[in-house]
Amino acid sequence: MIQRLRTSLPWLFRAVGAFALLVAVLKGLPASTATGCVIGFLIGQEPLSDLWFLLTHRLYGGRLNCASYGRGRKLWSGSIAGVPVELGLRPTSGFLFPWGLRPVRAPRLRVWLASVALYGLHAGLGAWLATSCTGLPRGIGFGLLFTSVMYAVLSSSNPVDSLWAVFVMPFRPGSLKVDIWSSSAVEAERLLFLGRISEAHRKLDEGRPRLLTAAGIALAEGRYEEAQQLALEDLEHGGSPSTVCYLIGMSLIGHTDAGGLSPQVAAARLDPFLDRWGVHNPQLFPDFLPTVDLARFRNDPHTAVRVARRLSTAVDSPFRRATACCSLAAALIAAGRPDEARKALARAREECPELARIADVERLLEPKPAEL
């Protein structure tokens, strides 16, 4: 219930903000100030937070896996300061920064300083503009203040850059213990993200394993039941439901494509699990890949093809793109389009040649023995 409410909170904040702004305009708020409120709200979400994260992530031991912006067809990919960077055709609201927290000296102090500085940046800049300026700048200040409140509520339980880190973490000596990975585990996560599965496995063996990273590697290598178990263990330790549901969902799907489960059984297990954790709604999670294969299991391959084709070109990571290409190929096979399915599998192999699911989906192309 809490998780479902949290996914709706951004829309609730936007609706409340829009209503309050409309009332203020009707009561005489200058148009320039109202415009500034909208600009401040938009800037205060991803752009300002993204900039601050780029400037401070090394302070508390953060290690970027990659940075990506936009969706759809890739316009450019390269490396900046050793970090892979990808740009997509369709603009989005902010950058995507998958990252891990490495062991550093005094990590709790560093995280606390970074969190205080982030809220000081939002609230301080917003308060200064709102109280000392007029017109457009004053509106931007109000927008920043509103965004800081929304950001505080939405990230209230995050271990980094949250009010929890500011007010609760200093009084809990054991906090951050679960969130700090060994350096080799952080590197394993980065390599998995880039689709270099065997290298990721070797790195994971060198240090303390992180459950979700180990689950991702097990999924990539075709150890589907093990991936489910590791992901469920992480959920019990407070892991992110959306990430856990992705791993469990894709492991059920991979197990089905490999012949270990029937589509009906997989759908029966997957549907209530996604619904329980609030990631079943395609409006709130439009890029959640397990829902593609769930549509295929429900004999709706055309919907699966349409959504999977979009996700297969999303700027995210070679590992996830290859997985999406496999889902696209499976949906195309179900829709009776085997030639297009082979092309999708070829793309998956280019992105992540070691992905076990490629061979599982390829077997679906083999002619079935005639019934006697």
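Right above here is the structure, for reference.
S.K.: Account for the overall build of the protein, with residues named and values stated.
M.R.: When helices and strands are counted, the protein shows 17 helices and 5 strands. Considering only contacts within the protein whose residues lie at least 6 apart along the sequence, 64% involve residues at least 24 apart. Just so you have it, the protein exposes about 18,500 Å², and 62% of that area is on carbon and sulfur atoms.

S.K.: Describe the packing of aromatic side chains, and please don't skip the residues or the numbers.
M.R.: The relation between two aromatic rings is expressed through the spacing of the ring centres and the mutual angle of the planes. A complete count under the given rule lists 1 aromatic pair for this structure. Measuring from ring centre to ring centre gives 5.7 Å for Phe 41 and Phe 146, while their planes differ by 50°; the resulting arrangement is tilted. Taken as a pair, Phe 41 in helix α2 (residues 31–44) and Phe 146 in helix α5 (residues 135–154) lie far apart in primary sequence, 105 residues in all. The class of Phe 41 is buried, set by a relative accessible area of 14%. Of the residues examined, Phe 146 reaches a relative accessible area of 27% and is grouped as partly exposed. Geometry around Tyr 246 places Arg 320 over its ring, the cationic atom sitting 4.0 Å from the centre.

S.K.: Before we move on, could you go through the environment of Asp 257 and cite the residues and values that matter?
M.R.: Within the secondary structure layout, Asp 257 lies in helix α11 (residues 241–257). Considering only alpha carbons, one finds Asp 257 and Ile 358, 101 residues apart in sequence, at a separation of 9.7 Å. For Asp 257, the residues in contact, after removing those within four places along its chain, are Arg 296, Arg 357, Asp 360, Val 361 and Leu 364.

S.K.: Outline the pattern of salt bridges, supporting the account with residue identities and numerical values.
M.R.: A complete count under the given rule lists 15 salt bridges for this structure. With its nearest N and O atoms 2.9 Å apart, the salt bridge here joins Arg 337 to Glu 340. A relative accessible area of 27% places Arg 337 in the partly exposed class. You can call Glu 340 partly exposed: its relative accessible area is 33%.

S.K.: Can you break down the state of the cysteines residue by residue, with the values?
M.R.: In total, this model carries 0 disulfides according to the counting rule given. Looking at Cys 352, it has no disulfide partner, and the nearest cysteine sulfur is the one in Cys 326, 8.7 Å off.

S.K.: Could you give an account of a nonpolar patch on the surface, naming the residues involved and the relevant values?
M.R.: A contiguous nonpolar surface patch, about 400 Å² in accessible area, is contributed by Leu 59, Leu 109, Trp 112, Leu 113 and Val 116. Looking at where Val 116 falls in the secondary structure, it is placed in helix α4 (residues 107–132). Accessibility expressed as a relative area gives 33% for Val 116, which makes it partly exposed.

S.K.: Mind laying out the side chain of Arg 190, listing which residues take part and the relevant values?
M.R.: If you trace the backbone, Arg 190 turns up in helix α7 (residues 183–193). With sequence-adjacent residues up to four places away left out, Arg 190 is seen in contact with Arg 63, Leu 64 and Asn 65.

S.K.: Mind laying out the environment of Ala 200, listing which residues take part and the relevant values?
M.R.: Its place among the elements puts Ala 200 in helix α8 (residues 197–206). The contact partners of Ala 200, leaving out residues within four places of it in the chain, are Ala 188, Leu 191, Leu 192 and Ile 217.

S.K.: Explain the packing of helix α14 (residues 301–311) against helix α15 (residues 318–334) residue by residue, including any values.
M.R.: Geometrically, a packed helix pair is captured by the angle between its two axes and the distance between the axes. One can describe the packing of α14 onto α15 by two numbers: an axis separation of 8 Å at closest approach and a directional angle of 155°. Judged by the angle between their axes, α14 and α15 are roughly antiparallel. Helix-helix and strand crossings are classified by hand; for α14 and α15 the assignment is left-handed. Where α14 abuts α15, its residues Pro 301, Ala 304, Val 305, Ala 308, Arg 309 and Leu 311 lie against Ala 324, Ser 327, Leu 328, Ala 331, Leu 332 and Ala 334. In terms of residue class, the contact of α14 with α15 is made up of 10 nonpolar, 1 polar and 1 charged.

S.K.: How would you sum up α5? Please name residues and give values.
M.R.: Between its terminal C-alpha atoms α5 stretches 29 Å, which fits the 28 Å expected from 20 residues at 1.5 Å a residue. When we look at burial in α5, the residues that qualify are Gly 135, Gly 139, Ile 140, Gly 141, Gly 143, Leu 144, Thr 147, Ser 148, Met 150 and Ala 152.

S.K.: Describe the side chain of His 122, naming the residues involved and giving the relevant values.
M.R.: Relative to the elements of secondary structure, His 122 occurs in helix α4. A residue is classified by how much of its surface remains accessible, and His 122, at 1% relative accessible area, is buried. In terms of polar contacts, His 122 uses its side chain to reach the backbone carbonyl oxygen of Gly 44, at 2.8 Å. With near-sequence residues (within four places) excluded, His 122 lies in contact with Gly 44, Leu 48, Ser 49, Leu 144 and Ser 148.

S.K.: Could you give an account of the packing of α2 against helix α3 (residues 46–56), with specific residues and numbers?
M.R.: Taken N-terminus to C-terminus, the directions of α2 and α3 make an angle of 35°; their axes are 4 Å apart at the nearest point. Residue-level inspection shows Leu 42, Ile 43 and Gly 44 of α2 in contact with α3, the latter providing Glu 46, Pro 47, Leu 48 and Ser 49. For the contact of α2 with α3, the per-class residue count stands at 4 nonpolar, 2 polar and 1 charged.

What counts and how
Residues numbered from 1 in each chain as written. Predicted model: local features only at pLDDT ≥ 70, side-chain atom pairs only at ≥ 80, totals over all residues. Heavy atoms only, no water. Helix = DSSP H or I, 4+ residues; strand = E, 2+ residues; numbered from the N terminus. Contact = heavy atoms within 4.5 Å. Areas by Shrake-Rupley, 256 points an atom, 1.4 Å probe, with all protein chains shown as cover. Phe/Tyr/Trp six-rings, centres within 6.5 Å; stacked < 30°, edge-to-face > 60°. Buried < 20%, exposed > 50% of the residue type's maximum accessible area, 1.4 Å probe, protein only. Lys NZ or Arg CZ within 6 Å of the ring centre and 35° of its normal. Salt bridge = Lys/Arg side-chain N within 4 Å of Asp/Glu carboxyl O. Disulfide = S-S within 2.5 Å. Patch = residues over 30% accessible without salt bridge, like charges linked within 9 Å, V, L, I, M, F, W, Y side chains within 5 Å. Axes fitted to C-alpha atoms, helices over the stretch in contact; angles between N-to-C directions. Parallel < 35°, antiparallel > 145°, perpendicular 65-115°, else oblique. Left-handed = near helix turned anticlockwise from the far one by under 90°. Nonpolar A, V, L, I, M, F, W, Y, C, P; charged D, E, K, R; others polar. Expected span 1.5 Å × (residues − 1). Polar contact = N/O pair within 3.5 Å; in protein donor to acceptor, adjacent residues only side chain to side chain.

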